[in-house]
Amino acid sequence: MSWGLADVRVRRGRVLALDGVTVPVGRSGVTVVVGGDGAGKSTCLQALVGLVEPESGTVRRPPKERVGYVPATCGIYPDLTVAENIEFAALAYGVGRGERDRRAARILGRTGLDQALRRLGGQLSGGMQRKLAVGLALLHSPELLVLDEPTTGVDPVSRAELWRLISGAAAGGTAVAVATAYVNEAARGERVVLLESGRMLASGSPEEILRAVPGAVGVVPGAAGGVPGAAGTAAGAGTAAARPARWWRRGPAWRVWAPDGELPEGAEPAEPDFDDAVMIAALAHEAGGAR
Amino acid sequence: MWAVVAKEFRELRRDRRTVAMMILLPVVLLIVFGYAASFNVKDIPTVVVGPGARQAAALLRAPFQVNEVDPGAGEPVARDRLRDGRAVVAVVTGRARPLVLMDGTQLFSVQTAEGALGRMARQAGAAAPPVSLRILYNPGLTTSWVMVPGLAGLILVFVGTLITSLGVVRERQAGTLEQLAVMPFRAWDVIAGKIAPYLIVAALDLALVVVVGMGLFGVPFTGNPAVFIVGAALFLLVTLGMGVLVSTVSQNQGQAIQLAFMILLPQVLLSGLIFPVSSMAAGVRWISYILPLTYFIEISRGVMLKATPISALWEPIGLLALLAVVVLALAIARFRRDLAPGAGRAKARAAAREVTPA
């Protein structure tokens, strides 16, 4: 049996925060919910753990004692030490002393927090706080681990460590749901749900999402200044100016999406990657054509 | 500078509670406290006993309000009435010099009664019968004796309401309340867990205040400590419940402090700590009757200074218990909503289904 949301609608005041969103969270796998600010990622996860009540749809989750959750605010006690935070989480979930010490030692060793046992939660760096929070959520070996933007504002090394923890949990049989605003992290998931303004733009495995990219993607390397078409450099001025929203910059190059498969003049065909897929899903949504 | 002024006004405009505090509160406080703040005692509950009770009662004029005339009773009944708070002045007749007993815990009433007796004697001239005056429980009319039992309660309102509310709001601000909500706790576990430490600290605080009050100011403790403990425990539950209640309607520590202050101030002025409740205008006196400190002061002064037995304190104890139930029930209901927003309403939404296999 898998956990997750099926066709869930959540209203926050007058705003429809989630509109028919489905987030399957399979056992032994990572589901990544990707979206920008205000896309509804946190609401999704809050509905999954029972913090917000859906207006309609189905939520499947294990009982509370078998869920691990890290809110976007981290959820560790800033005025308790690392060791005291661990002790509280263990007591809350009824993890016995021996088991607690064994699991805590493993998690602390993996996260490098074993050197910071006596430091207050509030004195840890942002990355260490996130690692502690994920470690605490894993302490009772939950069936479902729900992490709200665990890597936001974290340095690349700590981010890699966090993902090692998350992947390790999934490999150990835990169903994991992770929200992130970093598109490149979506490819780490077994399943990905793209959200925008509370609606699903795309859903499936990263490969499925890539395969489903409509039209063609092109690249205009090294074009300086504004949109190539508008500047009249690489692509015909008329073509690009008519569709300025379909251009975006990545590094030094411009990328372009042609829904009809006909790339503008000067654009080299490119194999879409996951970043492109997300951008194209958003552009297609903006244009009014869902996916 | 103007940029800062404009920014400050914009921020202030969005913080409606602070604006209300700044504009409305002073006006409300002025009106309420203007009517409440009065040292003029107009009615002094009086009991007259002994064979000449009827004649003596007929002589007594305002501010003496004779509630009971019992020619068959003697001094012990008169003392009981004072101890139990039924009367502030008791006149015992049937002896060469009528004995006037006064409850020294009611400072302003006693001062007014002494003045009124003096005036009556001057008006009657030589015809006035000489009376013996005895002030009970606080013969020296020492202010600190009356204030310390009340101040102990006031300090507890402060500690209980403010510190508890800050404790819960801190969790909300740190985001750990959300974490608590998904942990396998019942709402009641969380509330009891949050309140218990403050209850213990506040109880120790109370004991400390009473002991220091007795040591430094010589305040006696004449009654049964068990009665005091019962009253104090109920009072603490009310104040801690108010703390939780304040926290559920406050998003940050600033708002919690504002609200706690709004709860604290009326208790300073309207609970009978400073101004006698009986001299307040009827329009504001009802506020006194919903303040827990009013009842705690009655209990603490009664037990500490007058050895009032529990049989005479059932009313304030019962009302404190009622307040405790109401405040805690409200606090729990609101706190539960914070912890589990969907709880209780999920059933009403047939379209939503939450599946949690055992």
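Residues numbered from 1 in each chain as written. Chains lettered and ligands numbered in written order. Predicted model: local features only at pLDDT ≥ 70, side-chain atom pairs only at ≥ 80, totals over all residues. Heavy atoms only, no water.

(A) Summary view of the layout of surface pockets. All names here are of chain B. By volume, the largest pocket amounts to about 1,000 Å³. Surrounding the largest pocket, 40 residues form its lining, Gly 85, Gln 106, Val 277, Glu 298 and Lys 306 being those nearest its centre. Three or more residues apiece are contributed to the lining of the largest pocket by two domains, here domain 1 (44-136) and domain 2 (143-355). (1 Å grid on protein atoms, 1.4 Å probe; cavity = no way out; pocket = protein on both sides within 12 Å on 5 of 7 lines; lining within 4 Å. Points joined across faces, edges and corners; volume = space filled by probe spheres on them. Domains from an automatic or database assignment.)

(B) Fine view of the interface of chain A and chain B. Contact residues are listed per partner, giving 35 residues for chain A and 27 residues for chain B. Taking both partners together, chain A and chain B bury about 2,700 Å²; carbon and sulfur atoms supply 54% of that area. The largest per-residue losses of area from chain A upon contact with chain B belong to Leu51(A), Glu53(A) and Lys64(A), which jointly make up 24% of the total buried on that side. Scanning the region where chain A abuts chain B turns up one salt bridge. For the interface between chain A and chain B, the tally reads five residue pairs in polar contact (both at pLDDT 80 or more). Secondary-structure elements contributing two or more residues to the side of chain A that touches chain B are helix 1 (41-49), strand 4 (56-60), strand 5 (67-70) and helix 2 (82-92) of chain A. Per-element accounting of the side of chain A that touches chain B gives the leading share, five residues, to strand 4 of chain A. Residues belonging to the side of chain A that touches chain B are distributed by class as follows: 20 nonpolar, seven polar and eight charged. (Contact = heavy atoms within 4.5 Å. Buried area = accessible area lost by both parts, 1.4 Å probe. Salt bridge = Lys/Arg side-chain N within 4 Å of Asp/Glu carboxyl O. Polar contact = N/O pair within 3.5 Å; in protein donor to acceptor, adjacent residues only side chain to side chain. Helix = DSSP H or I, 4+ residues; strand = E, 2+ residues; numbered from the N terminus. Nonpolar A, V, L, I, M, F, W, Y, C, P; charged D, E, K, R; others polar.)

(C) Spatial organisation of the environment of Arg170(B). With respect to the helices, strands and loops of the structure, Arg170(B) is situated in helix 6 (residues 143-174). Sequence spacing of Arg170(B) and Ala324(B) is 154 residues, and the spatial spacing of their C-alpha atoms is 24 Å. With residues near it in sequence (within four places) discarded, Arg170(B) still touches Asp79(A), Tyr198(B) and Gln253(B).

(D) Up close: the environment of Leu117(A). Residues and elements named next belong to chain A. Take Leu 117: it is sitting in the loop between helix 3 (97-111) and helix 4 (126-138). Separated by 19 residues in the primary sequence, Leu 117 and Leu 136 have C-alpha atoms spaced 13 Å apart. Discounting chain neighbours no more than four positions away, the residues touching Leu 117 are Thr 81, Val 82, Ala 83, Ile 86 and Leu 108.

(E) Geometry of the pattern of salt bridges. Residues and elements named next belong to chain A. Going through the model one piece at a time under the given rule, you end up with 27 salt bridges over all chains. One salt bridge connects Lys 131 with Glu 161, and the closest N-O pair in it is separated by 2.5 Å. Highlighted residues: Lys 131 in helix 4 and Glu 161 in helix 5 (residues 156-171), separated in sequence by 30 residues. Residue classification places Lys 131 among the buried positions, given a relative accessible area of 7%. Between Arg 250 and Asp 276 there is a salt bridge; the shortest N-O distance is 2.9 Å. Here Asp 276 lies in helix 10 (residues 274-286) and Arg 250 lies in strand 11 (residues 247-250), a separation of 26 residues in the sequence. In this structure Arg 250 comes out as partly exposed when scored by relative accessible area, which is 29%. Exposure remark for Asp 276: the relative accessible area of 0% places this residue in the buried category. Linked through salt bridges whose partners overlap, the residues forming this network are Arg 9, Arg 11, Asp 19, Glu 55 and Arg 199. (Buried < 20%, exposed > 50% of the residue type's maximum accessible area, 1.4 Å probe, protein only.)

(F) Up close: the domain arrangement of chain B. Residues and elements named next belong to chain B. In terms of domains, chain B is made up of domain 1 (44-136) and domain 2 (143-355). Spacing between the C-alpha centres of domain 1 and domain 2 amounts to 38 Å. Counting from both sides, the interface comprises nine residues of domain 1 and, opposite them, ten residues of domain 2. With both chains or domains summed, domain 1 and domain 2 bury close to 790 Å², and 63% of this area falls on carbon and sulfur atoms. Between domain 1 and domain 2 we count one salt bridge in total. Where domain 1 packs against domain 2, one counts three residue pairs in polar contact (both at pLDDT 80 or more). Of all the secondary structure elements, the ones that give two or more residues to the side of domain 1 that touches domain 2 are helix 4 (75-83) and helix 5 (107-124). Residues that form the side of domain 1 that touches domain 2 fall into these classes: three nonpolar, three polar and three charged.

(G) A look at the pairing of strand 6 (residues 144-148) of chain A. All names here are of chain A. Among the five residues that make up strand 6, five are buried, leaving the element largely enclosed by the rest of the structure. Here strand 6 shows a buried face lined by Leu 144, Val 146 and Asp 148 and a second buried face lined by Leu 145 and Leu 147. Examined bridge by bridge, strand 5 and strand 6 share four bridges and lie parallel to one another. When the sheet's bridge partners are listed, Tyr 69 is paired in strand 6 with Val 146. Bridge analysis of strand 6 against strand 7 (residues 175-180) gives five bridges, and the strand direction is parallel. Counted as the bridge partner of Leu 147 is Val 178 from strand 7. In this view, the connection linking strand 6 to its parallel neighbour strand 7 by way of helix 5 has right-handed handedness. (Pairing = 2+ DSSP bridges. Right-handed = clockwise from strand over helix to strand, strands pointing away.)

(H) Region of interest: helix 12 (residues 292-306) of chain B. A rise of 1.5 Å per residue sets the reference length of helix 12 of chain B, with its 15 residues, at 21 Å; its end C-alpha atoms lie 20 Å apart and thus fit the reference within 8%. Directly beyond the C-terminal end of helix 12 of chain B, a positive phi value near 55 degrees is found at Ala307(B). (Expected span 1.5 Å × (residues − 1).)

(I) Representation of the packing of aromatic side chains. A full pass over the atoms with the stated rule returns five aromatic pairs over all chains. On the numbers, 4.5 Å between centres and 15 degrees between planes, the contact of Phe235(B) with Phe296(B) is stacked. Residue Phe235(B) is found in helix 9 (residues 225-248), and its partner Phe296(B) is found in helix 12; the two are separated by 61 residues along the sequence. Every member of this aromatic cluster is reached through a ring pair, and the members are Phe221(B), Phe228(B), Phe235(B) and Phe296(B). Directly above the ring of Tyr182(A) sits Arg159(A), whose terminal nitrogen or CZ lies 4.1 Å from the centroid. (Phe/Tyr/Trp six-rings, centres within 6.5 Å; stacked < 30°, edge-to-face > 60°. Lys NZ or Arg CZ within 6 Å of the ring centre and 35° of its normal.)

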